[in-house]
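Working through the structure, step by step
What follows is the residue order along each chain.
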Amino acid sequence: MPENIAEPLLKWYDKNKRILPWRDKDNAYYTWVSEIMLQQTRVEAVKPYFQRFIQELPDVAALAAAPEERIIKLWEGLGYYSRVRNMQKAAVQVMEEYGGRMPEDFETLLSLKGIGRYTAGAIASIAYGKKVPAVDGNVLRVYARLTENRGDIMKQSVRKSVENDLTGQMSEDRPGDFNQAMMELGAVVCVPNGAAKCEECPLGHFCLARKHGTVEELPVKAPKKARTIEQRTVLVIQDGVGTAIRKRPDTGLLAGLYELPNVEGHLTEKAALARVKAMGLEPLRIEALPDAKHIFSHIEWRMCAYRIAVSSLEEAPQGEFLFVDKRESDKKYAIPSAFRTYTRYMKEENS
DNA sequence: AACCCGGGGAT
DNA sequence: ATCCCAGGGTT
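What you see is a predicted model, and the numbers here were worked out from it, not measured in a lab. (Residues numbered from 1 in each chain as written. Chains lettered and ligands numbered in written order. Predicted model: local features only at pLDDT ≥ 70, side-chain atom pairs only at ≥ 80, totals over all residues. Heavy atoms only, no water.)

1. Structural notes on the overall build of chain A
The helix and strand inventory of chain A stands at 15 helices and 7 strands. Here chain A, with 351 residues, has 49% of them falling under the buried criterion. Of all intrachain contacts in chain A linking residues separated by at least 6 positions in sequence, the fraction that spans at least 24 positions is 68%. Counting only carbon and sulfur atoms, one obtains 49% of the accessible surface of chain A, whose full area is about 18,000 Å². Counting 51 positive and 48 negative side-chain charges, chain A places the centres of these two groups 4 Å from one another. (Helix = DSSP H or I, 4+ residues; strand = E, 2+ residues; numbered from the N terminus. Buried < 20%, exposed > 50% of the residue type's maximum accessible area, 1.4 Å probe, protein only. Contact = heavy atoms within 4.5 Å. Areas by Shrake-Rupley, 256 points an atom, 1.4 Å probe, with all protein chains shown as cover. Lys, Arg positive; Asp, Glu negative; His and termini not counted. Charge placed at Lys NZ, Arg CZ, Asp CG, Glu CD.)

2. Concerning the nonpolar core
Core analysis: the biggest nonpolar cluster contains 63 residues, and W32, F53 and M102 have the highest contact counts within it. Each of domain 1 (6-217) and domain 2 (228-343) gives at least three residues to this core. For W32, the residues in contact, after removing those within four places along its chain, are V60, L63, M87, A90, A91, M102, I115 and I123. (Core = buried A, V, L, I, M, F, W, Y, C linked by side-chain atoms within 4.5 Å. Domains from an automatic or database assignment.)

3. Let's talk about the UniProt feature "domain: HhH-GPD" (unreviewed entry) in chain A
Following the UniProt record, the feature "domain: HhH-GPD" (unreviewed entry) maps to residues 37-188 here. In the segment residues 37-188, helix accounts for 67% and strand for 0%; the C-alpha atoms at its two ends are 19 Å apart. (UniProt positions renumbered as here; feature names shortened; annotations may be inferred.)

4. Notes on the protein's contact with DNA strand B
Around DNA strand B, a shell composed of 20 residues is seen, among which T41, R42, Y80, Y81 and L254 lie nearest. Protein-adjacent atoms of DNA strand B, using a 4 Å cutoff, are sugar or phosphate at a proportion of 55%. Between DNA strand B and the protein, one listed contact pairs a sugar or linking oxygen with a backbone N or O atom of G77 at 3.5 Å. Here a phosphate oxygen of DNA strand B and a backbone polar atom of S337 are 3.3 Å apart. Its residues assigned to classes, the surface near DNA strand B comprises 7 nonpolar, 10 polar and 3 charged. (Near = heavy atom within 4 Å. Polar contact = N/O pair within 3.5 Å; in protein donor to acceptor, adjacent residues only side chain to side chain. Nonpolar A, V, L, I, M, F, W, Y, C, P; charged D, E, K, R; others polar.)

5. As for the pattern of salt bridges
Counting across every chain of the model gives 21 salt bridges. For the salt bridge of R23 with E184, the shortest nitrogen-to-oxygen distance reads 3.1 Å. Pair noted here: R23 is in the loop between α1 (6-16) and α2 (28-37) and E184 is in helix α11 (residues 175-188), with a separation of 161 residues, a long-range link. On the basis of relative accessible area, R23 is assigned to the buried category, the value being 9%. The closest approach of N and O atoms between D177 and R174, which form a salt bridge, is 2.9 Å. Linked by salt bridges that have partners in common, R246, R248, E259 and E320 make up one network. (Salt bridge = Lys/Arg side-chain N within 4 Å of Asp/Glu carboxyl O.)

6. Brief notes about the protein's contact with DNA strand C
Near DNA strand C lie 25 residues; those nearest to it are R23, Q40, G114, T119 and D136. Here DNA strand C approaches the protein such that, of its atoms within 4 Å, sugar and phosphate make up 62%. Separating a phosphate oxygen of DNA strand C from a side-chain N or O atom of T119 is a distance of 2.5 Å. The side chain of R141 places a nitrogen or oxygen atom 2.9 Å from a phosphate oxygen of DNA strand C. Of all the secondary-structure elements, those providing two or more residues to the surface near DNA strand C are α8 (117-128) and α9 (137-147). Looking at side-chain class alone, the surface near DNA strand C contains 7 nonpolar, 9 polar and 9 charged residues.

7. With respect to the pairing of strand β2 (residues 243-247)
Working note: regular strand, side chains alternate between the two faces of the sheet. Where burial is concerned, most of β2 is hidden: 4 out of the 5 residues are buried. Relative to strand β7 (residues 322-324), β2 runs antiparallel, the two sharing 3 bridges. The partner of T243 across the bridge, within β7, is V324. Note that β2 and strand β3 (residues 258-259) share 2 bridges and pair antiparallel. (Pairing = 2+ DSSP bridges.)

The structure is reproduced here in structure tokens:
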């Protein structure tokens, strides 16, 4: 690691930093919320979610007191839903143990649910000016190229040595800006996909990968496991008033979110009708809907679907099912993006 | 150390 | 199709 990257880096940052809703706000809660949302998620995707979240839950106390269904709804479509559940647990902890004030110390932040080494460093440095590194994917990429380090950046050993090196680089001056500048550089100049903009880089003079023409080869990461493919059949079950949805189990994929009923495998019309009867419903008509595909990071769903009209049962609520109209669903229930093709078929309220 | 956990944009 | 994103928790 070359000496004195801080000065050119900060100079570049001051001139080129993007204006972001959570940036330069001097509010540790804003820093916290933004950092959690930004985990594995691009800035442009986060912006509208951040604004809406802060507007409804403007401080730690509001987050701690919010109903779970509501925070999940505010997170709907962002993915990795345990992020917001953990954040709320931490908010309760901050209220009870720290009087509602976000801790400033790295180790204390690290003890909170959902806050790991990166996020603790980000909050401590950005919100409180502590001299601690915040090493994310951007920083690892910049570092690997700058030093031409061919170690697997996913390994803890590499990450730990990056943290040590950076701590030596940071001045007491502006640790938060230093960390943000490293990330900003990775996000807009030393980019992950496509050609890095080395001619714009304030550290180009120091960069070993640039010097040796190896920028495209770095960073090195171990190959990831292939996705498994699952076939599913989605059932858009409708009675006189609405469409059936149900709550998913509280563990595993999309835990605790709502979904359209669906079963494993690609069912024929006949098999789908039989399945609906087995659910205690009386089918009246069936119609095939278009196929759809949804890709998670580790699973791919290949879906077929049927719209099935069933007779309304005035008495006895349908166990696990909720029959809702689209407006009520949109307002109250968080349904993951995987079902988007089929939630379009949900019934509108009669009027 | 390996695996689980979403969704979407860029190439 | 592939990559990867301002990662963290669990086992």
